[in-house]
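Chains, contacts and geometry: an overview
Next come the chains, spelled out residue by residue.
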Amino acid sequence: MSPPISVRERVMAAFTHHFGRQPALLARAPGRVNLIGEHTDYNDGFVLPMGIDRAAWLAVRPRSDERVHVYAHDLNDEATFDLNALDRAQRGWVAYIQGTLWALGEAGVPLVGWDGVLASNVPRGAGLSSSAAVELVVARAAVALAGTLWDAPRMAKVAQRAENEWVGMACGIMDQMASACARRDHALLLDCRSLAIEYVPLPRDVVTVVLDTGTRRGLVDSAYNERRAQCEAAAAFFGVSALRDVDEATFAARAHELDECTRRRARHVITENARTLAAAEALRNGDDKRMGDLMVASHASLRDDFEVSMPALDAMVECALDAPGCYGARMTGAGFGGCAVALVAADQAEAFCKQVVACYTARTSHTPQVYVCHAEDGADVEA
Ligand code: GLA
C-alpha cells in the first residue's frame, strides 16, 4: 500500500476512535520537492517544484460552537482553542494551525469550529515542506467547512502569511504554492513575482528520486534570514527591487564592485534563475541530459556561492552522480541538512537506489532514506 493511502486510513480511523463519529470532510495537501530554482523565490525569481506523494491529511467535522479540537495523530498530542482567542504565544505544531486560521480570518474567510485529526508522512525538517503541507491542509478543510470557493494561489498566500507573521519564519512563496497548486505528473514552473504557473509534464522515461540524508537542518532560520538580507543588499546595489531584475550580462559588468560574499550570493540567484528557465525548457523537450546537467550546476552554486549545503548533502549528491542511470542530482529546499533530489532513468531506478544507499552508508554515519517520488496534485478535499 502506498504511504498516502495508509495515512488517509490512519486519519479516518483515528477520527472515529477519538470523536465517536465519522468525519464530514477529509482534506489532503502534499509536501513538495523542488527540482531546481533554490533560494530564488524571495528574489522574485523562478522555481520548478512538484507536489509529492507524501502529504498531510486532516479529517474534520464542524462543531456548533467556535472551538477547535484537534488531535495530532503522529505526535499523540491534542489541542483545544477558541477561534476568537487564538494565541500567538503557542508554539510547536499548534502554531501552524492557529496561524493559518488567523490568516484565513484576516482574508475574510468565515470560520466555523471543528473537531479534527491531523497526520502527515512528509518528513519534518527534511526540506520537503512539511509545514506548508500542514498549513494548506488546514486551509483546505477550513474553506470547505466555510462553504466558500477554493482559490489555490490566494490560499497559498494566506498560508505564507501564517508562516511569516504567526510562526515567524520569513519563507518565500514556493512551498505554499507547490502544495496548493501542484498537478499530478507535472512540475510547476512558477514565476514568484506574478505567481503565474506553467505546468510542465515530467518526461516518462525518468523518475524523481528523493534522497534523504537522515540529517535535519539546524540553525536554518538565522542563516536563511542572513541570505535574504544579502540578496536584498545586492538588489539595492543594482538599483532594482529584487535580483530577478538583474541579468547575467548586467551582473558580469558590475560584479567586481561588490564585496566578495555579496557577489557570490548574487551570482547564485542570478544564474539559478537562468538555470530554472533552461530546466523547464529541457523538461519540455524531454532533454534529460540537459536537465541533469542543470541540476548538477545548481548544486555546485548552492554549495560554493550560496553556501547552504553541508557535507552529508554533498556526499549524497556525489553518491547519486556515481550511481547507474543518474542524469543529475542536487540538494533541495533551504539546505543545511535534509534531502537531495535526483533525476534517474526509470528503468534503472532500482539499481540506482541500491547503490546510493550503499555508497552513502559507507561514506557517512547517517542512515539514508531513498525513494522514488511521484508528482501529485495540490491540496484537495473529499466529502
Ligand atoms: C524554504 C523556503 C522557501 C524557499 C526555499 C529555498 O523551503 O520555505 O520559500 O526559499 O527554502 O529555495
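As the structure is a prediction and not an experimental result, all values here were calculated from the model.

Parameters and conventions
Residues numbered from 1 in each chain as written. Predicted model: local features only at pLDDT ≥ 70, side-chain atom pairs only at ≥ 80, totals over all residues. Heavy atoms only, no water. Pairing = 2+ DSSP bridges. Helix = DSSP H or I, 4+ residues; strand = E, 2+ residues; numbered from the N terminus. Axes fitted to C-alpha atoms, helices over the stretch in contact; angles between N-to-C directions. Disulfide = S-S within 2.5 Å. Buried < 20%, exposed > 50% of the residue type's maximum accessible area, 1.4 Å probe, protein only. Near = heavy atom within 4 Å. Polar contact = N/O pair within 3.5 Å; in protein donor to acceptor, adjacent residues only side chain to side chain. Nonpolar A, V, L, I, M, F, W, Y, C, P; charged D, E, K, R; others polar. Salt bridge = Lys/Arg side-chain N within 4 Å of Asp/Glu carboxyl O. pLDDT = per-residue confidence, 0-100. Parallel < 35°, antiparallel > 145°, perpendicular 65-115°, else oblique. Contact = heavy atoms within 4.5 Å. Left-handed = near helix turned anticlockwise from the far one by under 90°.

Here we have 4 strands laid out as an open sheet, ordered β10-β11-β9-β12, and antiparallel in their pairing. Because the sheet does not close on itself, it has two edges, and the strands there are β10 (326-331) and β12 (369-373). For this sheet the average axis-to-axis angle between neighbouring strands, irrespective of direction, equals 20°. Of the strand pairs in this sheet, strand β9 (residues 206-212) and strand β11 (residues 339-345) are connected by 7 bridges, and their pairing is antiparallel. Bridge pairing links Val209 to Ala342 in β11.

Take the state of the cysteines next. Going through the model one piece at a time under the given rule, you end up with 1 disulfide. What pairs with Cys319 in a disulfide is Cys359, and their sulfur atoms sit 2.1 Å apart. One quick way to see it: the torsion about the S-S bond of Cys319 and Cys359 is about -75°, and its sign makes the bridge left-handed. Pair noted here: Cys319 is in helix α10 (residues 311-322) and Cys359 is in helix α11 (residues 349-363), with a separation of 40 residues, a long-range link. Judged by relative accessible area, which is 1%, Cys319 ranks as buried. Cys231 forms no disulfide, and the closest cysteine sulfur to it belongs to Cys261, at a distance of 9.9 Å.

Around the ligand sit Arg32, Glu38, His39, Asp41, Tyr42, Cys171, Gly172, Met174, Asp175, Tyr224 and Ala334, and that is every residue in its neighbourhood. Within the side chain of Asp41, an N or O atom sits 2.5 Å from an oxygen atom of the ligand. One of the side-chain N or O atoms of Asp175 is found 2.6 Å from an oxygen atom in the ligand. A breakdown of the residues in the shell around the ligand according to their chemical character gives 5 nonpolar, 2 polar and 4 charged.

Bringing the pattern of salt bridges into the picture now. For the structure on display, the rule yields 27 salt bridges. The partner of Arg161 in a salt bridge is Glu165, and the shortest N-O contact between them spans 3.1 Å. One end of the pair, Arg161, and the other, Glu165, are both in helix α4 (residues 152-167), 4 residues apart, so they sit about a helical turn from each other. Ionic contacts of the salt-bridge type, sharing partners, join the residues Glu260, Arg264, Arg265 and Glu307 into one network.

Turning our attention to the confidence of the model for the chain. Scored by pLDDT, the chain has a mean of 96; 98% of the residues are at 70 or more. Taken element by element, the predicted model of the chain shows its lowest mean pLDDT in helix α1 (residues 3-19) (88) and its highest in strand β2 (residues 46-47) (99).

On to the packing of helix α6 (residues 220-238) against helix α8 (residues 260-284), then. Remark: α6 packs on α8, axes separated minimally by 9 Å, with the N-to-C direction vectors making an angle of 90°. One way to sum up the angle between α6 and α8 is to call them roughly perpendicular. Residues Arg227, Gln230, Cys231 and Ala234 of α6 pack against Cys261, Thr262, Arg265, Ala266 and Val269 of α8. Residues of the contact of α6 with α8, tallied by class, amount to 5 nonpolar, 2 polar and 2 charged.

Our next topic: the packing of helix α9 (residues 288-304) against α10. Each pair of packed helices can be summarised by the angle the axes make with each other and by the distance between the axes. Axis separation between α9 and α10 bottoms out at 12 Å; the angle between their running directions is 160°. Viewed along their axes, α9 and α10 adopt a mutual orientation that is roughly antiparallel. In terms of crossing hand, the pair formed by α9 and α10 is left-handed. Packed against α9, whose contacting residues are Val296, His299 and Arg303, the element α10 presents Leu313, Asp314, Val317 and Leu321 at the interface. Split into classes, the residues belonging to the contact of α9 with α10 amount to 4 nonpolar, 1 polar and 2 charged.

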